Amino acid sequence: MRAPASNPTFDAIVVGSGMSGGWAAKELAERGLKVLVIERGRHVEHGADYTDMQNPWEDKNRGRVNEDEIARDYSVQSRCYAFNTATQHWWVNDRENPYTTPEGRPFSWIRGYHLGGRSLMWGRQTYRLSEIDLAANAADGHGVDWPIRYADLAPWYDHVERFAGISGKAEGLPQLPDGDFLPPMPLTAIEKDFQARLKARYPTRRMTNGRCAHLTQPTEEQQALGRVQCQYRAMCERGCSFGAYFSSLSATLPAAMATGNVTVLTDAIVESVVYDAETGRATGVRVIDQNTRQRSVHEARIIFLNASTIGTAQILLNSTSEAFPRGLANRSDAVGRYLLDHMTGLGAMGTYPGFDDRYYRGRRPNGFYIARYRNVTEPADGYIRGYAYQGGSYRETWRRGVGEAGVGTALKETLRAPGPWTMWLSGFGEMLPRPDNRVTLGKERDRWGIPIVDIDCTLGDNDHRMMKQINADAKEMLEMAGCTNIVTFPGDRNIGLGVHEMGTARMGRDPATSVLNGCNQAHDVPNLFVTDGACMTSSGCQNPSLTYMAITARAAHHAVEFLRDGRI
C-alpha cells in the first residue's frame, strides 16, 4: 500500500485517510480516476491491529496509563474520555507532535495519526444539518452566508447514509431532518418513561433514539464488505473487528481499493501544496517520509485536502509563493480563521426513580437525543443559535462497591443486585464564528522541519450565555422526571474536547471573505478542494461527521464533472 517508486502522475491526490479522506478516495475512484491517498501516519490493518478482542485482564495496568508517561507524552490526548492503555496507540504523542496556545487560552487538539484517522476513534453520532442551520449566518449576520442550502446536501446525505449505515428513527422535525435509517437502537425502560414525561411537560421538545453509525440490520452492500450487525459490546474506541460501526478502514477505503484505482501511501507527511502561477493550478504536494525524512513531490490534476481542520490550515498556510505570500488560496485572509468547536462537557445527571425490576441487554453504544428547541420552538434568553442534548441511562453495577466500607459476604451480597438507575443529559452548543479564533504558523518547527501551529480560540459572550442555559435546562428536565442527587456538569475547561473542530477554510459566496465556493473549490485555485471540517461556515449544534461525508461525496462528483469538461 505504497506509491510506486516511479511516482507516476495521478488524476487525484487525497491528503488524509480519515472520515472525509476515505469518502473522497471512494467517490473519485468509483468514477474512474486514479487516486493517490496520502496518510501521514502508520499503516493499520482492519481487525488485526485492533484491541477489541483483548480481555480486560490483558489490558496493561487495567487500562490506566502511568501518570509520569501522561505528563511527559500525553498531557493533551489523555483528556479524551477514550484514552487508556488499550487505545493509547491511536493517539499522537504530544511531545513529538507539538503545537502552541497563548497563555491562559488552552485548546485541546485531539489527534490520531494512522490509516483511517479519527474515523476509528469517533463517537459515531450522526445528525444532518438543517435549512435553519445553513441559513443562520445570513439570518443573524454572524459569519458569511453558506453558498449552499439543505436542498443541495439532501441527496448526498441520502447517498452516504445508505452506504455507511445509520440507525435512527424519523421524527419529521425541520431542525433535525430525517434520513435513510436502519432500525433504531431501542430505548431503555426509563428512557421511554422520560420521553413520555418530557412530551407531556414540554410539548415543544422532542426526544428520539440516538442516530448513530452502527449497523442494526446490515444491507447486502455492507455485508459484502465484511461488515456485520453491532454486537453491543461498547468497546468501539478500540476499533471494531466486526465492522459494525462506520470507519474508513471498514467501509470507504475497502470500497475504494476494490476499484483498482487507488494507491495508499502511509508514513508520508504532506508539507505543502505545489502551485503553478502560470496555469493558476495546484500541480501536486510536497511530502516528507516521517521515518527517513526523505522528501518527494507527487503530482495530480486535482488535490483534495482532508487532513482535518487544523492540519489542512497548516498545509495551506505553509504553501506560500510569490502569488500567495500568506498561504495558498488565502487572498481573503480567511485561511486559519473562524475556528469552531462545540461547547461540550455541559448538562446534568441524576438518580432516576423506580424501575427496580427492569434492566437492559448488552452495552448499547448509543443513547437518546433531544433535538434543538431554543430559537426554534422556544425562545432563548439573550443569545442566538441553540443546542441539543445527547443522553443515556444505566444501572449501577458491582463497581459501585469500590471504595465502600465493608468486607466479605455481606458486601458481596449487597453488590449482587444492580444499583439504582442513573440518567444523564449532555449538551452540545453552537459557537459563533469569529475571525480572532484562528490557527497561525509559529516560528518553531517540528522534527520534520515544518512550522508548528499556534491555536488561539476562546468562547464569546453568546457562547457563555448559552452554556448557562444548557445546564439550567438539563437540571430542570431531570427534576421534572423526579430525579434525585442531580449534579450539573462544569463544562470542558479547554475548547477542543468536543473534537468537532471546524471552519479554518470556510465556504462562502464572496472570494474576498471566504476560501471555498459552493462546490468546495478554492476560489483562487480551481483544482484544489477542501472537504474536511475546515470547509464549514458554521457548526450548528449537531455532530458534524455526517455533513463532512455528504459534502465530500458531493464535491467529488463535481470535481470529476469539472475535470471531464476541461474546467480544471
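On a predicted model such as this, the values are computed, not experimentally measured, just so you know.

Undergrad: Looking at this structure, how should I read the UniProt feature "domain: Glucose-methanol-choline oxidoreductase N-terminal" (unreviewed entry) in the protein?
TA: Within this structure's numbering, the places UniProt gives as "domain: Glucose-methanol-choline oxidoreductase N-terminal" (unreviewed entry) are residues 37-343. Helix makes up 23% of residues 37-343 and strand makes up 13%, while its end C-alpha atoms are separated by 33 Å.

Undergrad: Can you walk me through the UniProt feature "domain: Glucose-methanol-choline oxidoreductase C-terminal" (unreviewed entry) in the protein in this structure?
TA: UniProt's feature table lists "domain: Glucose-methanol-choline oxidoreductase C-terminal" (unreviewed entry) at residues 433-551, given in the numbering used throughout. Across residues 433-551 one finds 23% helix and 18% strand; the C-alpha atoms that close the span lie 19 Å apart.

Undergrad: Sorry, what's going on with the confidence of the model for the protein here?
TA: Caution is warranted with low-pLDDT regions, since their predicted coordinates should not be read in detail. Of all residues in the protein, 99% attain a pLDDT of 70 or more, and the chain-wide mean is 96. Confidence over residues 1-6 falls short of pLDDT 50; this stretch has 18 contacts with residues more than four positions distant or in other chains.

Undergrad: Just to check I follow, could you spell out the sheet that holds strand β10 (residues 387-395) for this structure?
TA: Hydrogen bonds between backbone atoms are what pair the strands of a sheet, whose relative direction is either parallel or antiparallel. Pairing within the open sheet is antiparallel, and its six strands lie in the order β3-β9-β10-β11-β8-β14. Two strands close off the open sheet at either side, each with one partner strand: β3 (207-209) and β14 (484-488). Here the average twist between neighbouring strands, direction ignored, is 20°. Where β3 and strand β9 (residues 368-370) come together, three bridges link them in antiparallel fashion. Within β9, the position partnered with Met 207 by the bridge is Ile 370. Its contacts with the sheet place helix α6 (residues 189-201) against β3, β8 (342-352), β9, β10 and β11 (421-430), and it is angled at close to 55° to β11. Against the sheet, helix α11 (residues 461-480) engages β8, β9, β10, β11 and β14, with an angle of about 15° to β8.

Undergrad: Would you mind showing me how to read the pairing of strand β6 (residues 281-289) here?
TA: Looking down a regular strand, the side chains alternate between one sheet face and the other. Pairing between strand β5 (residues 268-276) and β6: eight bridges, direction antiparallel. Each residue of the ladder has a partner; that of Val 273, found in β6, is Val 285. The turn linking β5 back onto β6 is made up of four residues, and Gly 280 within it adopts a positive phi angle of 70°. Two strands pair when backbone bridges link them, and β6 and strand β7 (residues 295-305) are joined in this way by five bridges, in the antiparallel orientation.

Undergrad: Could you clarify how one ought to interpret helix α9 (residues 309-318) in this entry?
TA: The periodicity of an α-helix, 3.6 residues per turn, causes residues three or four positions apart to be oriented the same way. With ten of ten residues buried, α9 lies mostly within the body of the structure. For α9, every residue scored as buried is listed here: Thr 309, Ile 310, Gly 311, Thr 312, Ala 313, Gln 314, Ile 315, Leu 316, Leu 317 and Asn 318. Along its buried surface, α9 packs onto β1 (10-15), β5, β7, β12 (438-445), β13 (451-456) and β15 (528-530).

Undergrad: Help me out: how do you make sense of the packing of helix α5 (residues 150-164) against helix α12 (residues 545-564) in this one?
TA: When two helices pack together, their arrangement is given by the angle between the helix axes and by the axis-to-axis distance. Interhelical geometry of α5 versus α12 gives an angle of 105° and a closest axis separation of 8 Å. Between α5 and α12, the angle is such that the two are roughly perpendicular. Residues Asp 152, Leu 153, Trp 156, Tyr 157, His 159, Val 160 and Glu 161 of α5 form the contact with α12, whose own contacting residues are Leu 546, Thr 547, Met 549, Ala 550, Ile 551, Ala 553, Arg 554 and His 557. Here the contact of α5 with α12 is built from residues that sort into nine nonpolar, three polar and three charged.

Undergrad: Please clarify how the nonpolar core should be interpreted in this entry.
TA: Generally speaking, a soluble globular protein has its nonpolar side chains buried in company with each other. Counting 149 residues, the largest nonpolar core has Leu 28, Phe 194, Phe 246, Ile 302, Phe 304 and Ile 370 as the members making the most contacts within it. The dominant element in this core, judged by the number of residues it contributes, is α12, at twelve residues. Leu 28 has contacts with Ala 12, Val 14, Leu 33, Val 35, Ile 302, Phe 304, Ala 556 and Val 560, leaving out every residue within four places of it along the chain. By size, the runner-up hydrophobic cluster in this structure holds seven residues, among which are Leu 176, Tyr 369, Ala 388 and Cys 541.

Undergrad: Could you clarify how one ought to interpret unusual backbone geometry in this entry?
TA: What is expected of a backbone is that most residues other than glycine have negative phi and most peptide bonds are trans. Backbone geometry at Arg 124 places phi at a positive 70°, although glycine is not the residue there. Residue placement: Arg 124 occurs in the loop between α2 (67-73) and α3 (131-134). By relative accessible area, Arg 124 is classed as buried at 8%. For Asn 520, which is not glycine, the phi dihedral falls at a positive 70°.

Undergrad: Quick question: what am I supposed to make of the pattern of salt bridges here?
TA: A side chain with one charge may pair with a side chain of the opposite charge, provided their charged atoms come close. Tallying each qualifying case throughout the model produces 34 salt bridges. With its nearest N and O atoms 3.0 Å apart, the salt bridge here joins Lys 26 to Glu 30. With a gap of four residues between them, Lys 26 and Glu 30 both fall in helix α1 (residues 19-30), about one helical turn apart. Asp 145 is the partner of Arg 149 in a salt bridge, and the nearest nitrogen-oxygen pair spans 2.8 Å. Summarising the burial analysis for this pair, Arg 149 and Asp 145 share the class buried. A cluster of three or more residues bridged by salt bridges with shared partners is formed by Lys 26, Glu 27, Glu 30 and Arg 31.

Undergrad: Explain the packing of aromatic side chains here, please?
TA: The description of two aromatic rings rests on the distance between their centres and on the angle between their planes. Summed over all chains, the structure comprises 17 aromatic pairs. Each ring, one from Trp 23 and one from Phe 163, has its centre 5.3 Å from the other, and the planes form 75°; the classification is edge-to-face. On the criterion of sequence distance, the pair formed by Trp 23 in helix α1 and Phe 163 in helix α5 is long-range, its members being 140 residues apart. This pair shows no difference in class: Trp 23 is buried, exactly as Phe 163 is. Ring plane angle 45° and centroid distance 5.3 Å describe the contact between Tyr 74 and Phe 83, whose orientation is recorded as tilted. According to the relative accessible area criterion, Phe 83 is buried, its value standing at 11%. Through a chain of ring-to-ring contacts, the aromatic side chains of Tyr 373, Tyr 383, Tyr 387 and Tyr 389 assemble into a single cluster.

Cut-offs used in this document
- Residues numbered from 1 in each chain as written.
- Predicted model: local features only at pLDDT ≥ 70, side-chain atom pairs only at ≥ 80, totals over all residues.
- Heavy atoms only, no water.
- UniProt positions renumbered as here; feature names shortened; annotations may be inferred.
- Helix = DSSP H or I, 4+ residues; strand = E, 2+ residues; numbered from the N terminus.
- pLDDT = per-residue confidence, 0-100.
- Contact = heavy atoms within 4.5 Å.
- Pairing = 2+ DSSP bridges.
- Axes fitted to C-alpha atoms, helices over the stretch in contact; angles between N-to-C directions.
- Buried < 20%, exposed > 50% of the residue type's maximum accessible area, 1.4 Å probe, protein only.
- Parallel < 35°, antiparallel > 145°, perpendicular 65-115°, else oblique.
- Nonpolar A, V, L, I, M, F, W, Y, C, P; charged D, E, K, R; others polar.
- Core = buried A, V, L, I, M, F, W, Y, C linked by side-chain atoms within 4.5 Å.
- Salt bridge = Lys/Arg side-chain N within 4 Å of Asp/Glu carboxyl O.
- Phe/Tyr/Trp six-rings, centres within 6.5 Å; stacked < 30°, edge-to-face > 60°.

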